[in-house]
Amino acid sequence: MTTTLRPSAPLQREPDGTVRLRPYDICVNGRPAGSLHIGTAPGMGPTVGLLDGLAVREADRGRGRATVALLAAEEVLRGWGCTMVRCTVPGDAGPALRLATALGWTERGRNMVKTLPPTPPPLAPGVTARPMTPEEYTAWEAESRAGYAREWSSRGLTEEQARTKSEASYRDNLPEGLDTPGVSFGVVEADGVAAGHVWVTSSEAAPGTPGSYVFDVEVRPECRGRGLGRALMLLAERTALAAGDRAIGLHVFADNTPARRLYDSLGYTTTRLHWSKRL
């Protein structure tokens, strides 16, 4: 039997032509056996592909249909000029995770969520919290924009792709800067000295899950190794509870082992994993 991809709708484009999307049927000898969406990743330029919505009918599972479909999708994206492809997999989707690994995909990061306790957690003795000042925000934003682009560039994106993603992220998430509604920037001080910051937004802890989201958390280099990362995350929980939220989410890069250990110890669970592959 022959497994192929067949377009099931016309190619869709954004007005500027930078984002494409097209649904496909996974066919076995012309018979629909599943579906897959092939597109380009919003905010990352036209050379980063995105695969979504892979589904194979139960009667056709276990026969390599998904494997052939993913390999065929890679060829579609190469024809579009893509040099990288990304996808997101639910944290509990064992077969999908094994398939991605077998086809040479690499985990780049994961989303994690925590259900919050009813009362705010206390901060450690000697640690206090306060809002970030406008002057601190101005200095933070300039460095953070550049740092975020460098982070993605180091993880496989071209400099242009990384810069595009960084600009889109700040444009979408901080349209009014420090005054953006629902946004909170907190600073922790240890013994009266500013030691780190955390950016929390009240909107969604995860897609479809109301709550708060930690966009950025950092301890100053000279203050690391003193448990202040935990203090910042507890401050994030206090901020979320003050906003009336009962869940909090975040994203962590796969190779950030210390952060992943911290989040595990605080009770976060993985909800989605993000994978990528060079084409």
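Residues numbered from 1 in each chain as written. Predicted model: local features only at pLDDT ≥ 70, side-chain atom pairs only at ≥ 80, totals over all residues. Heavy atoms only, no water.

Visitor: Can you walk me through the overall build of the protein chain in this structure?
Guide: Check the secondary structure of the protein chain and you find six helices and 13 strands. Taken along the three principal axes of its C-alpha coordinates, the protein chain extends 70 × 35 × 30 Å. Within the protein chain, the proportion of its 279 residues that are buried is 46%. Taking contacts inside the protein chain between residues at least 6 apart in sequence as the whole, the part at least 24 apart equals 62%. Once the 33 positive and 31 negative side-chain charges of the protein chain are each reduced to a mean point, those two points are 8 Å apart. (Helix = DSSP H or I, 4+ residues; strand = E, 2+ residues; numbered from the N terminus. Buried < 20%, exposed > 50% of the residue type's maximum accessible area, 1.4 Å probe, protein only. Contact = heavy atoms within 4.5 Å. Lys, Arg positive; Asp, Glu negative; His and termini not counted. Charge placed at Lys NZ, Arg CZ, Asp CG, Glu CD.)

Visitor: Can you walk me through the pairing of strand β12 (residues 247–253) in this structure?
Guide: In terms of burial, β12 is a largely internal element, six of the seven residues being buried. Relative to β12, strand β7 (residues 106–115) runs antiparallel, the two sharing seven bridges. The residue of β12 that forms the bridge with Asn111 is His251. In terms of strand pairing, strand β11 (residues 209–219) meets β12 through three bridges, oriented parallel. Among the inter-strand pairings, Tyr213 is bridged to a residue of β12, identified as Gly249. Each parallel crossover has a hand, and the one from β11 via helix α5 (residues 228–242) to β12 is right-handed. (Pairing = 2+ DSSP bridges. Right-handed = clockwise from strand over helix to strand, strands pointing away.)

Visitor: What is the right way to read the environment of Lys114 from this model?
Guide: The topology assignment puts Lys114 in strand β7. Each residue touching Lys114, except ones within four places of it in the same chain, is listed here: Glu237, Arg246, Ala247, Ile248, Leu266, Gly267 and Tyr268. Within the structure, the side chain of Lys114 is placed 2.7 Å from the backbone oxygen of Leu266, a separation counted as a polar contact. (Polar contact = N/O pair within 3.5 Å; in protein donor to acceptor, adjacent residues only side chain to side chain.)

Visitor: Help me understand helix α4 (residues 159–173), please; the structure alone is not making it clear to me.
Guide: Side chains three or four residues apart in an α-helix point the same way, a direct result of the helix having 3.6 residues per turn. With 15 residues, α4 extends 21 Å between its outermost C-alpha atoms, agreeing within 8% with the 21 Å of an ideal straight helix rising 1.5 Å per residue. Buried within α4 are the following residues: Gln161, Ala162, Lys165, Ser166, Ala168, Ser169 and Tyr170. Those residues of α4 that are buried are in contact with β5 (48–56), α3 (134–154) and β10 (193–206). (Expected span 1.5 Å × (residues − 1).)

Visitor: For this particular structure, what's the right way to read unusual backbone geometry?
Guide: Most peptide bonds adopt trans geometry, and most residues besides glycine take a negative phi value. Phi is positive for Asn29, which is not a glycine, with a value near 55°. For Asn29, a relative accessible area of 53% gives the class exposed.

Visitor: Please explain the nonpolar core as it appears in this structure.
Guide: One broad rule of soluble globular proteins: the nonpolar side chains tend to lie buried together. The biggest cluster of nonpolar side chains holds 28 residues, and the ones touching the most others in it are Val214, Leu228, Met233, Leu250, Tyr263 and Tyr268. Secondary-structure elements contributing two or more residues to this core are β9 (183–190), β10, β11, α5, β12 and α6 (257–265). When residues in this core are grouped by element, the largest group, nine residues, is from α5. In contact with Leu250, other than residues within four places in its own chain, are Arg110, Asn111, Met112, Tyr213, Val214, Met233, Tyr263 and Tyr268. One finds Ile26, Leu77, Val89 and Ala93 within the second-largest nonpolar core, a separate group that totals 26 residues. (Core = buried A, V, L, I, M, F, W, Y, C linked by side-chain atoms within 4.5 Å.)

Visitor: I'm lost on the packing of α3 against α4 in this one. Help?
Guide: Packed helices, taken two at a time, are described by their axes: the angle between them and the distance between them. For the pair α3 and α4, the least separation of the axes is 8 Å and the interaxial angle reads 135°. Between α3 and α4, the angle is such that the two are oblique. Between α3 and α4 the crossing geometry is right-handed. Across the interface between the two elements, Trp140, Ser144, Arg145, Tyr148, Ala149, Trp152 and Ser153 from α3 touch Glu159, Ala162, Arg163, Lys165, Ser166, Glu167, Ser169 and Tyr170 from α4. (Axes fitted to C-alpha atoms, helices over the stretch in contact; angles between N-to-C directions. Parallel < 35°, antiparallel > 145°, perpendicular 65-115°, else oblique. Left-handed = near helix turned anticlockwise from the far one by under 90°.)

Visitor: Is there a simple way to think about the environment of Ser212 in this case?
Guide: For Ser212, the position within the fold is in strand β11. A C-alpha to C-alpha distance of 9.6 Å links Ser212 and Val113, two positions 99 residues apart in sequence. Beyond its immediate sequence surroundings of up to four residues, Ser212 is in contact with Val200, Thr201, Ser202, Ser203, Glu204, Ala205, Ala240, Asp245, Ala247, Ile248 and Gly249.

Visitor: I tried to follow the pattern of salt bridges on my own but got confused; where do I start?
Guide: When the charged atoms of two side chains lie near each other, side chains of opposite charge can form a pair. Here the structure, examined in full by the defined rule, presents 13 salt bridges. For Lys114, the salt bridge identified is with Glu237, shortest N-O distance 2.6 Å. Here Lys114 is found in strand β7, whereas its partner Glu237 is found in helix α5, with 123 residues between them in sequence. Residue Lys114 shares its accessibility class with Glu237, and that shared class is buried. Between Glu136 and Arg130 there is a salt bridge, with the nearest N and O atoms lying 2.8 Å from each other. Taking the relative accessible area as the measure of exposure, Glu136 reaches 23% and is therefore partly exposed. (Salt bridge = Lys/Arg side-chain N within 4 Å of Asp/Glu carboxyl O.)

Visitor: Is there a simple way to explain the environment of Thr40 in this structure?
Guide: Of note, Thr40 is situated in strand β4 (residues 31–40). Beyond its immediate chain neighbours, meaning those up to four positions away, Thr40 contacts Thr18, Val19, Arg20, Pro46, Val48, Gly49, Leu50, Trp80 and Cys82.

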